[in-house]
Amino acid sequence: MARIGFYGGTFNPIHLGHVGVCRQAVKQLRLDCLHVIPAFIPPHKASPDLAAGEDRLAMCRLPNILADDYELTRGGVSYTIETMRHMRECYSEDDFYLIMGTDNYLTFTAWREWQALGRMCTLAVASREEDDKEALYQQARLLALQLQTQAHDRVHVAHGEIKNGKDLHRPGFHPGGQQGARRAEPDLDPQQMQQTHI
């Protein structure tokens, strides 16, 4: 069973912050593969000056990263749930990690079919702010309640120190998928991480 990460966005353009998130996600989550997926049309923000899809895809071609053109090829508004359902058809047995920034995580309940998405993937949150850890923990608790899950079974937060003042948190849902819920296991390097089970 592989550990596959997915990192979506406009990447207009991709910048060093994105590159750092990719590197840390692969390292800390021990991903076997990371798909970076430029959106065709982002659903939550207007992007009038969006560069051509092929240019944004080309910018996402990084060492040891898969620049994935699925949303660009499909066209239309790029809803994460639709993309992840397609990926689940392609990778039916693998563990999924959905990587996002703090702002997206804190508004996750506004996403289309967020409950299904939360059950399909572990959410990994990349943060640039040192003082947002408590907000992330609160959101993890709220999502657990709204999904009517046992928090200790499906939701946990891990905090890790990342160079250059960046943190990668793992408030998330272990993928239940077709196998059903399972106990969350620590995935991050215990030498670098403090685990907090909610």
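See above for the structure.
Treat the numbers as computed from the prediction; the structure is a model and nothing was measured.

Brief notes about the overall build of the protein
Reasoning step 1: Regarding its fold elements, the protein presents eight helices and nine strands.
Reasoning step 2: In the protein, buried positions account for 49% of the 198 residues.
Reasoning step 3: In the protein, 74% of the contacts between residues at least 6 apart in sequence involve partners at least 24 apart.
Reasoning step 4: For the protein, the exposed surface amounts to about 9,900 Å²; the carbon and sulfur share of it is 49%.

So, a nonpolar patch on the surface
Reasoning step 1: A cluster of nonpolar side chains, contributed by Phe40, Ile41 and Val77, occupies part of the molecular surface with about 210 Å² of accessible area.
Reasoning step 2: One can find phenylalanine 40 in the loop between β2 (33–38) and α2 (53–59).

Some details on the nonpolar core
Reasoning step 1: Ranked by internal contacts, the top residues of the largest apolar core, which has 23 residues, are Phe6, Phe96, Leu98, Met100, Tyr105, Phe108 and Leu117.
Reasoning step 2: Taken together, the elements giving at least two residues each to this core come down to β1 (3–9), α4 (80–90), β4 (95–101), α6 (114–120), β5 (122–127) and α7 (133–146).
Reasoning step 3: Those residues in contact with leucine 117, other than ones at most four positions away along the chain, are Thr80, Ile81, Met84, Leu98, Phe108 and Trp111.
Reasoning step 4: Counting residues in hydrophobic clusters, the runner-up holds 21 residues, among them Tyr7, Leu31, Tyr97 and Ala126.

A look at helix α1 (residues 16–28)
Reasoning step 1: The end-to-end C-alpha distance of α1, which contains 13 residues, comes to 18 Å, matching closely the 18 Å that a straight helix rising 1.5 Å per residue would cover.
Reasoning step 2: Within the span of α1, buried status applies to Gly17, His18, Val19, Val21, Cys22, Gln24, Ala25 and Gln28.
Reasoning step 3: A positive backbone phi angle near 50° is found at arginine 30, which sits one or two residues after α1.

Topic: unusual backbone geometry
Reasoning step 1: The omega torsion across asparagine 12 and proline 13 is 0°, close enough to zero to call that bond cis.
Reasoning step 2: Along the chain, the position of proline 13 falls in the loop between β1 and α1.
Reasoning step 3: If you check the backbone angles, phenylalanine 11 has positive phi at about 50° while not being a glycine.
Reasoning step 4: Tracing the sequence through the fold places phenylalanine 11 in the loop between β1 and α1.
Reasoning step 5: Positive phi, close to 50°, is recorded for glutamate 113, a residue that is not glycine.
Reasoning step 6: Mapping glutamate 113 onto the fold places it in the loop between α5 (102–106) and α6.

Describing the pairing of β2
Walk down a regular strand and you will see the side chains alternate between the two sheet faces.
Reasoning step 1: Judged by how many residues are buried, β2 sits mostly within the fold: five of six residues are covered.
Reasoning step 2: Across six bridges, the pairing between β1 and β2 is parallel. Bridged to glycine 8 within β2 is isoleucine 37.
Reasoning step 3: Two elements, β2 and strand β3 (residues 66–67), share two bridges in a ladder whose sense is parallel. Looking at the pairing, histidine 35 lines up with leucine 66 of β3.

Conventions we followed
- Residues numbered from 1 in each chain as written.
- Predicted model: local features only at pLDDT ≥ 70, side-chain atom pairs only at ≥ 80, totals over all residues.
- Heavy atoms only, no water.
- Helix = DSSP H or I, 4+ residues; strand = E, 2+ residues; numbered from the N terminus.
- Buried < 20%, exposed > 50% of the residue type's maximum accessible area, 1.4 Å probe, protein only.
- Contact = heavy atoms within 4.5 Å.
- Areas by Shrake-Rupley, 256 points an atom, 1.4 Å probe, with all protein chains shown as cover.
- Patch = residues over 30% accessible without salt bridge, like charges linked within 9 Å, V, L, I, M, F, W, Y side chains within 5 Å.
- Salt bridge = Lys/Arg side-chain N within 4 Å of Asp/Glu carboxyl O.
- Core = buried A, V, L, I, M, F, W, Y, C linked by side-chain atoms within 4.5 Å.
- Expected span 1.5 Å × (residues − 1).
- Pairing = 2+ DSSP bridges.

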